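Observations on the three-dimensional arrangement
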Amino acid sequence: MKALITGISGQDGYFLSQLLLSKGYEVHGVLRRNSSMTHGTMELLPPDVRSQIIIHHGDITDENFLSNLLQSEKPEELYHLAAQSFVGYSFENSQSTYDVNIGGTLNVCNAIRSSSTDTRMYFAGTSELFGKPLETPQNENTPFFPRSPYAISKLAGLWTVRTYRDAYKLFMSNGILFNHESEVRGPEFVTRKISTGVARVHQGSQQPIILGNLSAVKDWGYAKDYVEGMWKMLQYDISDDFVMGTGESHTVKEFVEEAFGVIGIRLTWKGQGVNEVGLSEGGRVLVKVNRDLYRPLEADNFTADYSKAREKLGWEPKVKFKELVRIMVENDIKLIQRK
Ligand code: NDP
Ligand code: GDP
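The text that follows walks through the structure, step by step, so that each part is easy to find. Source: prediction; values computed, not measured.

Calculation notes
- Residues numbered from 1 in each chain as written.
- Chains lettered and ligands numbered in written order.
- Predicted model: local features only at pLDDT ≥ 70, side-chain atom pairs only at ≥ 80, totals over all residues.
- Heavy atoms only, no water.
- Near = heavy atom within 4 Å.
- Areas by Shrake-Rupley, 256 points an atom, 1.4 Å probe, with all protein chains shown as cover.
- Helix = DSSP H or I, 4+ residues; strand = E, 2+ residues; numbered from the N terminus.
- Nonpolar A, V, L, I, M, F, W, Y, C, P; charged D, E, K, R; others polar.
- Axes fitted to C-alpha atoms, helices over the stretch in contact; angles between N-to-C directions.
- Parallel < 35°, antiparallel > 145°, perpendicular 65-115°, else oblique.
- Left-handed = near helix turned anticlockwise from the far one by under 90°.
- Contact = heavy atoms within 4.5 Å.
- Buried < 20%, exposed > 50% of the residue type's maximum accessible area, 1.4 Å probe, protein only.
- Pairing = 2+ DSSP bridges.
- Salt bridge = Lys/Arg side-chain N within 4 Å of Asp/Glu carboxyl O.
- Core = buried A, V, L, I, M, F, W, Y, C linked by side-chain atoms within 4.5 Å.
- Domains from an automatic or database assignment.
- Phe/Tyr/Trp six-rings, centres within 6.5 Å; stacked < 30°, edge-to-face > 60°.
- Lys NZ or Arg CZ within 6 Å of the ring centre and 35° of its normal.

Thoughts on the site of ligand 1
Taken together, 23 residues are adjacent to ligand 1, and Ser 9, Leu 81, Ser 85, Tyr 150 and Lys 154 come closest. If ligand 1 stood free it would expose 900 Å²; the protein chains cover 87% of that surface. Of all the secondary structure elements, the ones that give two or more residues to the shell around ligand 1 are helix H1 (11–22), strand E5 (120–126) and helix H6 (149–168). Broken down by element, the shell around ligand 1 gets its largest block of residues, three residues, from E5. The residue makeup of the shell around ligand 1, split by class, is nine nonpolar, nine polar and five charged.

Given below as structure tokens:
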């Protein structure tokens, strides 16, 4: 079996490429050029794993590149993960977010339609589509209410996939995946920002962790479980849309508390809103809030109802909140100790 992954150098690409190689797939990845010729999370793969991945250098906004690639490779499966994936950035950079997330997805769909109609495609949709959820928990029938340029771009991507699936009878499935994190999560995402901050405090740093909205409620799972779900979607009898999450929700503040708990620090909180601080038992300020890190609009109160994925695909998240936080903090401590 041959699989092509766009976004192979991101968090999910890291776990998905390893999963597919372990199943005996021939794995191809799309990698865009940057001036330092660095390869993102691919550089963290064991060398023997990395050397098995066949790289195609290109950008998903380049229609010609994708159409030639699909024409020559005709993969059985295509996991379309590439995106401008950071919600905060999308408020300042909506145009480029739309270009990559909408234009790039359209290019992938058109390349399949014109050159490789037997390819099964996975599209990386998101719980951000629910924005300000109209019901809790959220499932495949919950109305969408996007609250950021990122969410709008993903909504367009999801509907492009639905339309191509129905109009041209293509096997294209949408994952509506809730936040999933890991030890290779990008440093700007709140979970990784917290885990690296806590690891630094453990190593003696005096710098507090500076965050935005501590009250945001998310459903956080472990990325390794979610790539298994992507693969299961493409093995299913028909193409469809599936919600995947843990069904457990927590605030950012709870993530911070749990993370400090891993290094034996019990936080207490003082003040309100932007004046709130997290203190150690000895009264040292370990967490501060900065208004600039608040988003113009918040999307939260997420809790996944993943019963459809459980029933139809046999998918279950294995790692829950506490274990996720522990994995991330312990890994960041190891990384700092190695330096
Ligand atoms: P990352 O941000 O870690 O990875 C994004 C990947 O897309 C990177 O490999 C990046 O390459 C690549 N990329 C971005 N723009 C382009 C482009 N123009 N051409 C080619 N490649 C490009 O995201 P994740 O791995 O966390 O997420 C995977 C997908 O799942 C994304 O689409 C994301 O929006 C979606 N998603 C993620 C969730 C999560 O919680 N992680 C939740 C729900 C959906 P480079 O290394 O060069 O930047
Ligand atoms: P997202 O859910 O894909 O937007 O993932 P993020 O990790 O970027 O954000 C998760 C939540 O954490 C959002 O509700 C943010 O408003 C909130 N948050 C609070 N402080 C921060 C921060 O310092 N950085 C980021 N990225 N998010 C923060």
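That covers the picture; the talk isn't over yet.
Here's the deal with the packing of H1 against helix H8 (residues 223–235)
Look at H1 against H8: their axes get within 9 Å of each other, and the N-to-C directions meet at 60°. Classed by the angle they form, the pair H1 and H8 counts as oblique. Considering the relative orientation of H1 and H8, their crossing is right-handed. Every residue of H8 that contacts H1 at Gln 11, Asp 12, Phe 15, Leu 16, Leu 19 and Leu 20 is listed here: Ala 223, Lys 224, Val 227, Glu 228, Met 230 and Trp 231. Taken together, the residues of the contact of H1 with H8 sort by class into eight nonpolar, one polar and three charged.

Re unusual backbone geometry
Cis geometry marks the peptide bond from Thr 136 to Pro 137, where omega comes out at -5°. As for its placement among the helices and strands, Pro 137 is situated in the loop between E5 and H6. A positive phi is found at Met 37, a non-glycine position, where the angle reads about 55°. Its identity as a non-glycine residue notwithstanding, Lys 74 has a phi of 40°, on the positive side. Residue Lys 74 is classed as partly exposed on the basis of its relative accessible area, which comes to 44%.

Observations regarding the sheet that holds strand E8 (residues 209–211)
Read across the open sheet, the four strands follow the order E8-E15-E14-E13; overall the sheet is mixed. In the strand order of this sheet, the two ends are held by E8 and strand E13 (268–270), each with one partner. Across the sheet, the mean angle from the axis of one strand to that of its neighbour is 25°, orientation sign disregarded. Where strand E14 (residues 277–279) lies against strand E15 (residues 285–289), two bridges are found, and the strand directions are antiparallel. Paired with Gly 278 across the strands is Val 287, a residue of E15. Against the sheet, helix H7 (residues 190–202) makes contact with E8 and E15, and its axis sits at roughly 160° relative to E8, the strand it touches most.

Overview of the environment of Leu 293
Locating Leu 293 in the fold gives a position in the loop between E15 and helix H10 (307–313). Spatially, the C-alpha atoms of Leu 293 and Leu 211 are 6.4 Å apart, while their sequence positions differ by 82 residues. For Leu 293, the contacting residues outside a window of four places in its chain are Lys 193, Ile 210, Leu 211 and Gly 212.

What to know about the pattern of salt bridges
With the rule as written, the count across this model stands at 11 salt bridges. Between Asp 332 and Arg 192 there is a salt bridge, with its nearest N and O atoms 2.8 Å apart. Here Asp 332 is found in helix H11 (residues 321–338), whereas its partner Arg 192 is found in helix H7, with 140 residues between them in sequence. Among the charged side chains, a salt-bridge network with shared partners connects Arg 162, Arg 165 and Asp 241.

Considering the nonpolar core
Ranked by size, the top nonpolar core spans 95 residues in total, and within it Leu 16, Leu 20, Tyr 79, Met 121, Tyr 122 and Phe 260 carry the most contacts. Here the element with the most residues in this core is H8; it accounts for seven residues. Residue-level mapping places this core at the junction of two domains, with at least three residues from each of domain 1 (2–182 + 220–248 + 299–320) and domain 2 (190–215 + 251–297 + 329–338). Residues in contact with Met 121, not counting those within four places in the same chain, are Leu 78, His 80, Val 108, Cys 109, Ile 112, Val 161, Phe 171, Met 172, Ser 173 and Leu 234.

Some points on the packing of aromatic side chains
Within the structure shown, the criterion is met by 14 aromatic pairs. With centroids separated by 6.4 Å and ring planes inclined at 40°, the aromatic side chains of Tyr 79 and Tyr 122 adopt a geometry described as tilted. Taken as a pair, Tyr 79 in strand E4 (residues 77–80) and Tyr 122 in strand E5 lie far apart in primary sequence, 43 residues in all. Measuring from ring centre to ring centre gives 5.3 Å for Trp 220 and Phe 255, while their planes differ by 65°; the resulting arrangement is edge-to-face. In this pair, Trp 220 is assigned in the loop between strand E9 (217–218) and strand E10 (221–222) and Phe 255 in helix H9 (residues 252–262), connecting sequence segments 35 residues apart. Directly above the ring of Trp 231 sits Lys 23, whose terminal nitrogen or CZ lies 3.8 Å from the centroid. The ring of Phe 189 is capped by Arg 185, whose NZ or CZ atom sits 3.6 Å from the centre of that ring.

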